[in-house]
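This is what each chain is made of:
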Protein chains: 2
Amino acid sequence: MGRWQPEARTRLERAAMELFGERGFEQTTVAEIAARAGLTERTFFRHYADKREVLFGGSSGFSKLLMQSVADAPVGATPIDTIAAALATAGELFAERLGHARQRQRIIDAHADLQERELIKLASLAASLAGALRQRGVGDTAARLAAEAGVAVFKIAFDRWIEEHNAAPLSDIIRESLAELKAVTAGN
Amino acid sequence: MGRWQPEARTRLERAAMELFGERGFEQTTVAEIAARAGLTERTFFRHYADKREVLFGGSSGFSKLLMQSVADAPVGATPIDTIAAALATAGELFAERLGHARQRQRIIDAHADLQERELIKLASLAASLAGALRQRGVGDTAARLAAEAGVAVFKIAFDRWIEEHNAAPLSDIIRESLAELKAVTAGN
């Protein structure tokens, strides 16, 4: 421990994903995750509230990056383009993590309570994005619609990214899905 | 019992909502709901799996009506207009239930687990709507985007309907919110 402390979180995540893959999610205990990472349970709990949070631990960094991008968007940008650009930027966080994202999705798909947690995270992401748009002076309904539509685009793009063989980069699929949303809502 | 059996479900719902209002949601038991309705607990469980389901019991009828409307839409209708027309039609189910919808929302807003159940119902509604569009030959991504966008429109319109004083009919707010989504995604 000690020396590599800043990497503890990454090591715990890697150990957890290995064990989830080898033994299954339910069968894996926090004690086993900590042992595999060469760390104590106490260190585990300093980084994650429980083993489920290992699967969702990235969402706060993702969310922070999104809010920052929305706040930094050019003044004249439309709400939907602001959201889409932020999602494409934040999507780059996942660039090197396709294998991880696929494994994580397989675990979530197999557990109803994890699917619920995922829905809650997405709903709270949409609420934060709507708040960030309101801060930029966007009206309440337009802010909520752009945020919800943006999160839907992200979710659908993310699914395509992990499902397709040889998928394009996530950011490209996000931009493509946004274009498709625009076509769909334009009634084409 | 017996004679008014077809109304049992309605009586149970009314009794439950009265008691939730008087005593709070947690403090109300199924036994009390049944007693207030003049029915047995056994009858309660024939209609609802638990007291939470009283709050969500309308969702299957709503969902069925939606699917039917999508299936019956004119052949040339665009995916988003198909969804929006179906939501506006199904929205008429709520026409006489504004007071009920407001009380229900107050209870849900106060309980995290009920909010989760609401999110799950909406996600499964979006999945069903996407499936109904695919059945009409709409491509997978377009079907999912139109369904998710439609459910977002519905959710935001529903919130406005129950929050505003002297709100317009729900179906009108749905149509208005769809127009706003179209404007938002067109970048206006």
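Residues numbered from 1 in each chain as written. Chains lettered and ligands numbered in written order. Predicted model: local features only at pLDDT ≥ 70, side-chain atom pairs only at ≥ 80, totals over all residues. Heavy atoms only, no water.

Student: Give a description of the packing of aromatic side chains that names residues and reports values.
Tutor: Aromatic ring pairs are reported here in terms of the distance separating the ring centres and the angle at which the planes meet. The full count for this structure, using the stated rule, is 18 aromatic pairs over all chains. With a centroid separation of 4.9 Å and 65° between ring planes, the pair formed by F20(B) and F25(B) is classed as edge-to-face. F25(B) carries the same exposure label as F20(B), and that label is buried. One aromatic cluster in this structure is built from F62(A), F94(A), F154(A), F158(A) and W161(A). Its guanidinium or amino end placed over the ring of F25(A), K51(A) lies 4.6 Å from that ring's centre, counting from NZ or CZ. (Phe/Tyr/Trp six-rings, centres within 6.5 Å; stacked < 30°, edge-to-face > 60°. Buried < 20%, exposed > 50% of the residue type's maximum accessible area, 1.4 Å probe, protein only. Lys NZ or Arg CZ within 6 Å of the ring centre and 35° of its normal.)

Student: Go over helix α2 (residues 30-37) of chain A with me, naming the residues and quoting the values.
Tutor: All names here are of chain A. Along α2, the residues classified as buried are V30, I33, A34 and A37. Summarising the axial view, the buried residues of α2 lie within an arc of 95°, below the 170-degree limit, and thus occupy one face. In this fold, the buried residues of α2 make contact with α1 (8-23), α3 (41-47) and α4 (51-56). Immediately downstream of α2, the backbone of G38 shows phi near 70°, a positive value. (Helix = DSSP H or I, 4+ residues; strand = E, 2+ residues; numbered from the N terminus. Arc of directions from axis to C-beta. Contact = heavy atoms within 4.5 Å.)

Student: Would you mind going over the relation of the copies chain B and chain A in detail, with residue names and values included?
Tutor: With an RMSD of 0.0 Å, the operation that places chain B on chain A is a rotation of 180° combined with a shift of 0.0 Å along the axis. On the angle and the small slide along the axis, the relation comes out as a two-fold axis. The rotation axis passes nearest to the C-alpha of A149(B) in chain B, at a distance of 2.8 Å. Mapped onto chain A, 100% of the interface residues of chain B are again interface residues, and the two copies thus contact each other with one and the same surface. (Least-squares fit on C-alpha atoms with pLDDT ≥ 70 in both.)

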